[in-house]
Amino acid sequence: MPLGLQAENLHQFFVQASENWAQRFAQEHAPFLTHLPAPLGELAIMLACCVIFVAVVPLLPLGLVLAERKVSAHIQDRVGPMRVGPHGILQTLADGVKLIFKEDHIPREGDRFLFVVSPYIIFACSFAVFAAIPFGQSILVSNLNIGIFYIMAISSVVVMGVIMAGWASNSKWSLLGAMRSAAQLVSYEIPIGLGILTVVMLVQSLNMQDIVKGQDGIANWIVFRTPFTFIAFFVFFISAIAEVNRTPFDLPEAESELVAGFHTEYSGMRFALFFIAEYANMFAVSAIAATLFLGGWHGIVPAEMLPQAGILGFVLRAVTLGGLIGVVIKTLLLVFVMMWLRWTLPRLRVDQLMNLCWKYFIPISFFNILGVGIWGLIFPTDTLLSIVISIVVIILGLILTFGVLGKSLSKGPSNSAERRISATT
Amino acid sequence: MELNPQELVFYLFALLTIASAVVVVTIKNIVYAAFSLMVTLFSVAGLYVFLQADFLAATQVIVYVGGILVLILFGVMMTSGSLDLKLKLERGQLFWGGVVSLTIFGLLLSVITNTPQWENVDIGASQEPTTRKIGEMIMKEEYLLPFEIASILLLVALIGAALISRKEVRDE
């Protein structure tokens, strides 16, 4: 029975039964699930786990949209939404209700089927990414062996949804936006992939949990492990901002040029789907950066130095940026940096965007890979010496960079593209 | 016949693969063909998962859906007029296409019948990531030379692409 065996493998592949949170969760909270016949029970548990994520993730934009409006308001010396609820906290809820009641308009000359399908593709892809992001030792939908590679694969499908939306709308703004978006996403996937590769070379595993497990304590966080991963973190994060189409890389939906880019023709709930996907993507990308480089659910203090049990353990872990709360704090911090950049920096031109990617980020990434490879040969395991050397090199590098940057800034505007890179890093 | 959920999912993927592949070759609209090719490639990735080739499945999605298909769509959309193009079949095409696909079908069939047994990697060993095995095969064992030749080929293609796109600038 080859198929049965394959099914067994699939089960192995998806559910690493012993340490799976879903199973423990089900045993504790929904014991009736374990009474079902084995494969059906597994499936039910997996589905239950997915449902939890699918229920939580759409709520993220609710908070993030409000946060964006408040952050932008305070950066621009305004107060932002104030009317709905205390201090305007119910504003997004009101907007959501408004979007549900809006007319669902489909352009007559467009392609009806693809127009309807494409929001779901983008939405589904940005959700599927969450399946492999660990939010704690056992808070993870699926502990995939190829975790980070799966995330890359799924997020590369978003491009198809964007092209589909742009083409099906049959509008020049949409098509131009989709073209720009596709070119941008495909280009910036390369520095992102190479940035991930530096981490994978250091950890020697694609599994997200393995990547997190080695980062116990701030000195073991991958950003600080070698000087090269320190650079890689910034390259990764800036490319990630480009990957989620946010200012200064928001050419695909540049309001002043393309109305709203590939989703110009969308209205009502379909537009809301794009919007939710955008904010979910922001959160996902920041969570990935936090997991890969900033210790994931490991905090500043090594785990063995803290009490683990009880409420005290939970609170201490949260305070030292560990556990579920720690991941969320780190992620939200990175999301805040994204918002901050959006309301601070002007938009790049297309040629500057491509130059930044192909002439700066990709060579820097290759240099990082070479560097991490050599580093791995010199220090096969992490020692105190390697960490001290790495931190000293990082600090010297920062001083040198900011010294040069300060001088070149005081000389006045030079090559604008170069300045903008140094400004963003 | 007993049908457990995993088998159900398998048959779903198999059905999806075949159905979308039929759409790819029969539909007249080239953009629709490209998009249903996406479904085909995606479901093939799903079938790879059933064969426990997780790395291969993800690679399939990255390379074919995220890379090649986007390139195809770019080509189609950048070429003016090709959007409204209705694909037409000529008699010669039907003949040669039939010959090629029958040959490939025969080859695949011979592989299927010559494989002695559809045995899987045993489950105990399957805890080890497939990437380790792949890496060792490529970098240490017999596939080092093909791997290096392929990488040189890719490098040449990259340099060629850069050269072609540079030329316009030089002509100014």
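Draft legend 1. The environment of Pro61(A), seen in detail. All names here are of chain A. Relative to the assigned elements, Pro61 resides in helix H4 (residues 59–75). Taking the C-beta count within 10 Å as the criterion, Pro61 has 23 such neighbours and is therefore assigned buried. For Pro61 and Ala277, which are 216 residues apart along the polypeptide, the C-alpha to C-alpha distance reads 8.4 Å. With residues near it in sequence (within four places) discarded, Pro61 still touches Phe275, Ile276, Tyr279 and Ala280.

Draft legend 2. Structural view of the domain arrangement of chain A. Residue and element names in this part refer to chain A. Per the domain assignment, the segments of chain A are domain 1 (8–56), domain 2 (63–101) and domain 3 (105–407). One C-alpha centre belongs to domain 2, the other to domain 3; they are set 25 Å apart. Ranked by residue count, the leading element in the side of domain 2 that touches domain 3 is H4, at seven residues. In terms of residue class, the side of domain 2 that touches domain 3 is made up of seven nonpolar, three polar and one charged.

Draft legend 3. Representation of H4(A) within the structure. All names here are of chain A. In this model H4 runs 25 Å from its N-terminal to its C-terminal C-alpha over 17 residues, within 8% of the 24 Å that 1.5 Å per residue would give. Pro61, Leu64, Leu66, Glu68 and Lys70 are the residues of H4 that are buried. Buried-residue contacts for H4 involve helix H5 (91–101), helix H13 (268–293) and helix H15 (323–342). Positive phi appears at Asp77, one or two residues downstream of H4, with a value of about 65°.

Draft legend 4. Broad picture of the packing of helix H8 (residues 172–203) of chain A against helix H11 (residues 227–243) of chain A. Residue and element names in this part refer to chain A. Axis separation between H8 and H11 bottoms out at 9 Å; the angle between their running directions is 150°. By the angle class used here, H8 and H11 are roughly antiparallel. In this structure, the crossing between H8 and H11 has a hand that is left-handed. In this structure, H8 uses Gln184, Leu185, Tyr188, Pro191, Ile192, Gly195, Thr198, Val199 and Leu202 to contact H11, whose residues at the interface are Phe228, Thr229, Ala232, Val235, Phe236, Ser239, Ala240, Ala242 and Glu243. Partitioning the contact of H8 with H11 into residue classes produces 12 nonpolar, five polar and one charged.

Draft legend 5. Geometry of the nonpolar core. If you look at the biggest cluster of nonpolar residues, it comprises 124 residues, and the most contacted ones within it are Met160(A), Ile163(A) and Ala289(A). In contact with Ala289(A), other than residues within four places in its own chain, are Phe236(A), Phe237(A), Ala240(A), Leu294(A) and Leu334(A).

Draft legend 6. Local environment of the confidence of the model for chain A. All names here are of chain A. Here chain A averages 77 in pLDDT, while 82% of its residues score no lower than 70. Of all helices and strands in chain A, the one with the weakest mean pLDDT is helix H1 (residues 2–14) (44), whereas H11 scores best (88). Overall, residues 1–19 carries pLDDT values under 50, and its contacts beyond four positions in sequence, including any with other chains, amount to 33 contacts.

Draft legend 7. Inspection of the environment of Pro302(A) at higher detail. Residue and element names in this part refer to chain A. By the secondary structure assignment, Pro302 is in the loop between H13 and helix H14 (310–319). Since 15 C-beta atoms lie within 10 Å of it, Pro302 is described here as partly exposed. As for Pro302 and Ser205, which are separated by 97 residues in sequence, their C-alpha atoms are 21 Å apart. Not counting chain neighbours up to four residues away, the residues in contact with Pro302 comprise Asp216 and Gly217.

Draft legend 8. Up close: the environment of Val65(B). Assignment of secondary structure puts Val65(B) in helix H3 (residues 54–78). Along the chain, Val65(B) and Ile138(B) lie 73 residues apart, while their C-alpha atoms are 24 Å from each other. Ignoring anything within four residues of it in the chain, the contact list for Val65(B) reads Ser156(A), Val157(A), Met160(A), Met38(B), Leu41(B) and Phe42(B).

Draft legend 9. Just the confidence of the model for chain B, in detail. All names here are of chain B. Of all residues in chain B, 78% have pLDDT values of 70 or greater, and the mean over the chain is 78. No element of chain B has a lower mean pLDDT than helix H5 (residues 130–139), which averages 80, and none a higher one than helix H4 (residues 91–114), which averages 86. Contacts of residues 121–125 to residues separated by more than four positions or lying in other chains number five contacts, the stretch itself having pLDDT below 50. Quick note on the complex model: pTM equals 0.80, ipTM equals 0.78.

Draft legend 10. Structural context of unusual backbone geometry. Residue and element names in this part refer to chain A. The backbone of Asp77 sits at a positive phi, close to 65°, despite the residue not being glycine. Position of Asp77 among the secondary structure elements: in the loop between H4 and H5. Judged by C-beta crowding, with 6 C-beta atoms within 10 Å, Asp77 ranks as exposed. In this structure, Gln204 takes a positive phi of about 65° despite not being glycine. Tracing the backbone shows Gln204 in the loop between H8 and helix H9 (208–213). Classification of Gln204 by C-beta neighbours within 10 Å gives partly exposed; the count is 13.

Criteria and thresholds
- Residues numbered from 1 in each chain as written.
- Chains lettered and ligands numbered in written order.
- Predicted model: local features only at pLDDT ≥ 70, side-chain atom pairs only at ≥ 80, totals over all residues.
- Helix = DSSP H or I, 4+ residues; strand = E, 2+ residues; numbered from the N terminus.
- Buried ≥ 20, exposed ≤ 12 C-beta atoms within 10 Å, placed from the backbone.
- Contact = placed C-beta atoms within 7 Å.
- Domains from an automatic or database assignment.
- Nonpolar A, V, L, I, M, F, W, Y, C, P; charged D, E, K, R; others polar.
- Expected span 1.5 Å × (residues − 1).
- Axes fitted to C-alpha atoms, helices over the stretch in contact; angles between N-to-C directions.
- Parallel < 35°, antiparallel > 145°, perpendicular 65-115°, else oblique.
- Left-handed = near helix turned anticlockwise from the far one by under 90°.
- Core = buried A, V, L, I, M, F, W, Y, C linked by C-beta atoms within 7 Å.
- pLDDT = per-residue confidence, 0-100.

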